[in-house]
Amino acid sequence: MADFDMNRGKIMAAYALIAGILYLSAGIMEIFGIISRDIIGGIMLMIIAATYLAGIKDTSNGNYKGLSFLIGGLFLSTVYGILYILMMIANWLEYLIGNVESFSLIKEMRIEIWLFFTILPLVYLVWKNVREIKW
Amino acid sequence: MPGEKGEIVEIRGGRGLVRRLYEMGFVPSAKVEILVSNAAGPLLVSINGMRMAIGRGVAMKIIVRRR
Amino acid sequence: MVTVAIIGNPNVGKTELFNKLTGLKQHVGNWPGVTAEKKEGRYVYKGEKINVIDLPGTYSLTAYSIDELIARNFIIEGKPDVVVDIIDATNLERNLYLTFLLLELGANVVIALNMWDVARGRDIKIDVKKLEKLLDVPVVPTVATTGEGIDKLKEEISKAIEKRRSRATLRYGEEIEDFIEKVEEILKEDEELIKKYPLRWLAIKILERDEEILKKLEGKPYKNKIDEILKNAGEIEEKIVEERYEIISEIIKEVVKEKKEKWTFSDMLDQVFLHRILGIPIFLALLYAMFQFTFSFSAPFSDMIDMFFAWLGEIARENISNPMLASFLADGICAGLGAVLVFVPTIFALFFALALLEDSGYLARAAFLMDKIMYKLGLHGKSSIPMLIGFGCNIPAIMAARTIENEKDRIITIMINPLMSCSARLPVYVLIASIIFGGYAAVAIFSMYLLGIALAIIVALLLRKTLFKGKPSPFILELPRYMLPTLRSALLHMWERGKWFLIKAGTFIFTVVILIWFLSAFPWDATNGGELIENSYIASFGHAIEPIFKPLGWNWQAGVALFFGFLAKEAVVGTFGSLLGVSEEGVKNALMNAGWFTPLTGFAYMAFVLIYFPCVATIAVMLREMKAKYTLLTIAYTITLAFIVAGLIEGIGYLLGFS
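Residues numbered from 1 in each chain as written. Chains lettered and ligands numbered in written order. Predicted model: local features only at pLDDT ≥ 70, side-chain atom pairs only at ≥ 80, totals over all residues. Heavy atoms only, no water.

Undergrad: For this particular structure, what's the right way to read the overall build of chain B?
TA: Scanning chain B from N- to C-terminus turns up 2 helices and 5 strands. For 67 residues, the compact-globule estimate of 2.2 N^0.38 gives 11 Å, and the C-alpha radius of gyration of chain B, at 11 Å, lies within 12% of that figure. Split into buried and exposed, the 67 residues of chain B put 57% on the buried side. A sequence separation of at least 24 residues applies to 47% of the contacts in chain B between residues at least 6 apart. With an accessible surface of roughly 2,900 Å², chain B has 53% of that area assigned to carbon and sulfur atoms. (Helix = DSSP H or I, 4+ residues; strand = E, 2+ residues; numbered from the N terminus. Rg over C-alpha atoms; globule rule 2.2 N^0.38 Å. Buried < 20%, exposed > 50% of the residue type's maximum accessible area, 1.4 Å probe, protein only. Contact = heavy atoms within 4.5 Å. Areas by Shrake-Rupley, 256 points an atom, 1.4 Å probe, with all protein chains shown as cover.)

Undergrad: For this particular structure, what's the right way to read the overall build of chain A?
TA: Helices and strands together make up the secondary structure of chain A, namely 6 helices and 0 strands. In sequence order, chain A lays out its α and β elements as α-α-α-α-α-α. The C-alpha extent of chain A, read off along each of the three principal axes, is 55 × 30 × 20 Å. Considering chain A as a whole, with its 135 residues, one finds that 46% of them fall into the buried category. Taking the contacts inside chain A whose residues are at least 6 apart along the sequence as the reference set, 69% of them involve residues at least 24 apart. Accessible area of chain A: about 6,800 Å², with a carbon and sulfur share of 69%. Distance from the positive charge centre (10 side chains) to the negative charge centre (10 side chains) of chain A: 10 Å. (Lys, Arg positive; Asp, Glu negative; His and termini not counted. Charge placed at Lys NZ, Arg CZ, Asp CG, Glu CD.)

Undergrad: Explain the side chain of Glu104(C) here, please?
TA: Residue and element names in this part refer to chain C. Following the sequence through the fold, Glu104 ends up in helix H3 (residues 92-104). By relative accessible area, Glu104 is classed as buried at 9%. Here the side chain of Glu104 touches Tyr172 through a polar contact of 2.2 Å, side chain to side chain. Not counting residues within four places of it along the chain, the set of residues in contact with Glu104 comprises Tyr172, Trp201, Ile204 and Arg244. (Polar contact = N/O pair within 3.5 Å; in protein donor to acceptor, adjacent residues only side chain to side chain.)

Undergrad: Would you take a moment to explain the sheet that holds strand S7 (residues 139-141) of chain C for this structure?
TA: Backbone-to-backbone hydrogen bonds pair the strands of a sheet. The strands run either parallel or antiparallel. Residue and element names in this part refer to chain C. Here 6 strands make up an open sheet; going across it, the order is S2-S3-S1-S4-S5-S7 and the pairing mixed. Looking at the sheet topology across the chains shown, the edges are occupied by strand S2 (39-45) and S7. The mean angle between the axes of side-by-side strands here comes to 25°, regardless of whether they run parallel or antiparallel. By the bridge criterion, 3 bridges tie strand S5 (residues 109-114) to S7 in an arrangement that is parallel. By the bridge assignment, Leu113 is partnered in S7 with Pro141. Across the sheet, helix H2 (residues 66-78) is in contact with strand S1 (2-8), strand S3 (48-54) and strand S4 (82-88); its angle to S1 comes to roughly 150°. Contacts from H3 reach S1, S4 and S5 within the one sheet, and its direction differs from that of S4 by about 165°. (Pairing = 2+ DSSP bridges. Axes fitted to C-alpha atoms, helices over the stretch in contact; angles between N-to-C directions.)

Undergrad: Honestly, the sheet that holds strand S1 (residues 5-11) of chain B in this entry has me stumped. Any pointers?
TA: Ordered in space as S5(B)-S1(B)-S2(B)-S3(B)-S4(B)-S9(C), the 6 strands form an open sheet in which the pairing is antiparallel. Each edge of the open sheet carries a strand with a single partner, namely strand S5 (62-66) of chain B together with strand S9 (476-478) of chain C. Strand-to-strand twist across the sheet, computed as the mean angle between neighbouring axes with direction ignored, equals 40°. Examined bridge by bridge, strand S3 (residues 43-47) of chain B and strand S4 (residues 50-54) of chain B share 5 bridges and lie antiparallel to one another. When the bridges of S4(B) are listed, Ile47(B) appears paired with Met50(B). Sheet contacts for helix H17 (residues 362-376) of chain C: S3 and S4 of chain B together with S9 of chain C; angle to S9(C), the most-contacted strand, approximately 155°.

Undergrad: What is the right way to read the interface of chain C and chain B from this model?
TA: Interface size is commonly expressed as the accessible area that is lost once the parts come together. Every contact between the two is made by 38 residues of chain C and, on the other side, 33 residues of chain B. In total, about 3,300 Å² of surface goes out of reach between chain C and chain B, with carbon and sulfur atoms giving 57% of it. On inspection of chain C and its partner chain B, the count reaches 1 salt bridge. A salt bridge links Asp267(C) to Arg51(B); its shortest N-O distance comes to 3.2 Å. Linking chain C with chain B are 5 residue pairs in polar contact (both at pLDDT 80 or more). Top element by residues in the side of chain C that touches chain B is helix H12 (residues 236-255) of chain C. It accounts for 5 residues. Looking at the side of chain C that touches chain B, its residues break down into 13 nonpolar, 8 polar and 17 charged. Direction of pairing for S4(B) relative to S9(C): antiparallel, over a ladder of 3 bridges. From the neighbouring strand, Ile54(B) faces S9(C), where its bridge partner is Ile476(C). (Buried area = accessible area lost by both parts, 1.4 Å probe. Salt bridge = Lys/Arg side-chain N within 4 Å of Asp/Glu carboxyl O. Nonpolar A, V, L, I, M, F, W, Y, C, P; charged D, E, K, R; others polar.)

Undergrad: Which parts of the structure should I look at to understand the arrangement of the chains?
TA: Of all 2 pairs of chains in contact, the one with the most contacts involves chains B and C. A minimum C-alpha distance of 10 Å separates chain A and chain B, which share no contact.

Undergrad: Got a minute to help me understand the interface of chain A and chain C in this structure?
TA: On the side of chain C, 35 residues touch chain A, which itself brings 33 residues to the contact. The tally of links from chain A across to chain C stands at 0 salt bridges. Put simply, the parts of the chain that give the side of chain A that touches chain C at least two residues each are helix H2 (39-54) and helix H4 (64-96) of chain A. Take the side of chain A that touches chain C: its biggest share by element is 18 residues, from H4(A). Grouping the amino acids of the side of chain A that touches chain C by side-chain chemistry returns 24 nonpolar, 5 polar and 4 charged.

Undergrad: Looking at this structure, how should I read the side chain of Glu212(C)?
TA: All names here are of chain C. Within the secondary structure, Glu212 sits in helix H10 (residues 211-216). We classify Glu212 as buried; its relative accessible area is 17%. Apart from the residues lying within four places of it in its own chain, the contact partners of Glu212 are Ala63, Leu69, Arg72 and Asn73.

Undergrad: Help me understand the confidence of the model for chain A in this model?
TA: Predicted coordinates in regions of low pLDDT should not be interpreted in detail. With 94% of its residues at a pLDDT of 70 or more, chain A has an overall mean of 83. Looking across chain A, the model is least confident in helix H5 (residues 105-108) of chain A, with a mean pLDDT of 74, and most confident in H2(A), with 89. (pLDDT = per-residue confidence, 0-100.)

Undergrad: So what exactly am I meant to see when it comes to the environment of Leu567(C) here?
TA: Residues and elements named next belong to chain C. Among the secondary structure elements, Leu567 is positioned in helix H26 (residues 556-567). Along the chain, Leu567 and Phe613 lie 46 residues apart, while their C-alpha atoms are 9.9 Å from each other. Beyond its immediate chain neighbours, meaning those up to four positions away, Leu567 contacts Phe508, Val512, Cys615 and Val616.

Undergrad: What is the right way to look at empty space enclosed by the protein in this model?
TA: A water-sized probe, rolled over the atoms, reveals where empty space remains. Evaluation of the coordinates by the stated rule reveals 5 cavities of 30 Å³ or more. Computed from the structure, the second largest cavity encloses a volume of approximately 60 Å³. Where the lining of the second largest cavity is concerned, the elements lending two or more residues are helix H1 (15-23) of chain B together with H3 of chain C. For the lining of the second largest cavity, the class distribution of residues is 3 nonpolar, 2 polar and 6 charged. (1 Å grid on protein atoms, 1.4 Å probe; cavity = no way out; pocket = protein on both sides within 12 Å on 5 of 7 lines; lining within 4 Å. Points joined across faces, edges and corners; volume = space filled by probe spheres on them.)

Listed below in structure tokens is the structure:
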């Protein structure tokens, strides 16, 4: 476990904290139906939140161990972000072929997609710190 | 515990198991490091540069001297 | 014919190298052991035709596993001109064990020091010339993924074919060498054996108490002398392995200079993915994403295919004058093709997602996470993968069970696989559930999946207690480096697994639909071209088997559908369609109006479809993978269980007041 610059670590940790809170809230909202009622989806969002939050302490101390969790969280965010983008496309296709009456871009943009865009900058930040690690 | 390093001293098991482990490099004097160890379930160790997952029952048969 | 064999540890890039040498496209996977079958290829170098055989990836050459025996016997009996040993440069110590054994076997070895780029990236410096000198074999650094070093490799191979280097042997310590000599003394006389095997190798194998070799000594006059020596030697086989590693260690010291190991990316990821608390939730999250992708993203494409064939059928119906031919083309061919191809997007989406997980290396971690639970169920951690795949299609799932080394574990895994609700059953659930349960259809369908899993657990435990006593084999699994999957290899994998479905299931489903068309439309006059179903062959047949299903409250049509579901589960809905006289699109409404099922009988029907014996294609694969008696047992238990469970559901429901 090598260290990296703790200042950078604190910035990333703060970002992760925000991400964690956002995902957690989104998860709760999805479970209770405030947005797109989807119990299982909501649980998944909370899992992602947990992953981010798990890495805060170590990241702010400059440990790679913390970054591991961030990377895990970013990975999951990406997977779900892309997943829902694909589902949006699928629904659009259904609309095109006439199986569904309407398609509204706004309704289709699930929170997972927004959250995915939100964490993209963190991907860049983490990437900068991780570059020298061997695959 | 994760992060612990050690050297294998011996393996106490049935012939088949010992043989298999040997072939995979779990021999006396081999250096082992524990990477992941949860409360129950398999362990992940690093040995000879390889990442090997071994069941707990198996792990308990491998005697290691700590360094 | 010049033959070259390729061998190496799992996960060293052997298959990639094979491809680069022969130009064939092959299966590349991180999951060790998938490439279990021998592959052959060919290349030409300076005018000479060279045959290449890809031997199974193994860590050693004992008699303990089939893969190793295959590899070993090929080298002994097939007598390849050259054996290319592929070594992972980042893991020299471990890989050299196999090299050692190959040299002992007397093979003409050429070493391909693969993953040279990764070693470079990790600042691992290997003195190639020194290694060549110490082992006395040619060593060629290669990067199989880019093709770097392949030309030099071909050159060295051809050089080695011409003239092999001297057969230097690596010597053990005095004690072992003594014993080797003693055994060699006795074996010297046995002409038969010496002709086939190298003398020294035989001696060493005997001291290692190698099962296969010891078997060959049965009945030999000198056997008791050998037994004497073995008794005196004690636990010598362990010493032999130890000394091998010591020798290798010495070689490594002289040849490898690496920087102190820091954390690798894979280590970091494993901290998260194998975390004691987060590990399994993350696994579930990925699983959920995979299934969402599979079913939701493929839906529009499935619909498009469905609509296309329905449209095609209409055109046929309108434009062809001969009613019989029109019906054949529309209701037979188009409906048949449609029924099969409608599933293609779903199946391929599933396998694509699976390929991504496999290629990235995550799947091994999944086995790791699942092992704890699997063990309690009497299964091996590796069993979780086939069970997962089973949710898509049982056929590739059963084939994936090949990676499980222990026979008992493997057979149990295969036998419970049919209870994993494959995607073919989904249309039936959706159809019936949406009719009788309306808004709660999703719950009903989900409960089917849960039921399947629950039953699988029970059956697994039962099998473990009765037929396959004992514990699952010890869990020892190498977790490969995480790698970014390439689109190309993922698509390749997807095609490899998916094509099984297309071929086997496709032909069956198509045949069944045509068959149903025929049976429901004939005798032609009696049914007036398929309209009066009651007069057709299928009706006669249905009434004949009606008594079997009457107690469960299902009419003859439902019974017939089940029968055809035996051939291919997708056919159940198709049969409904034919019997109701509508295309697949209209089945839902027609079924609703026909009122064949009540909530209770419908639910029991769904359970029956879940459990009763696997489709013919699956059975065919089972016969290939395990002994006939187990396949028969599977058929027997599934059909029995199906009746029991359906009966129980109705019984309990009746008592609770449903009808």
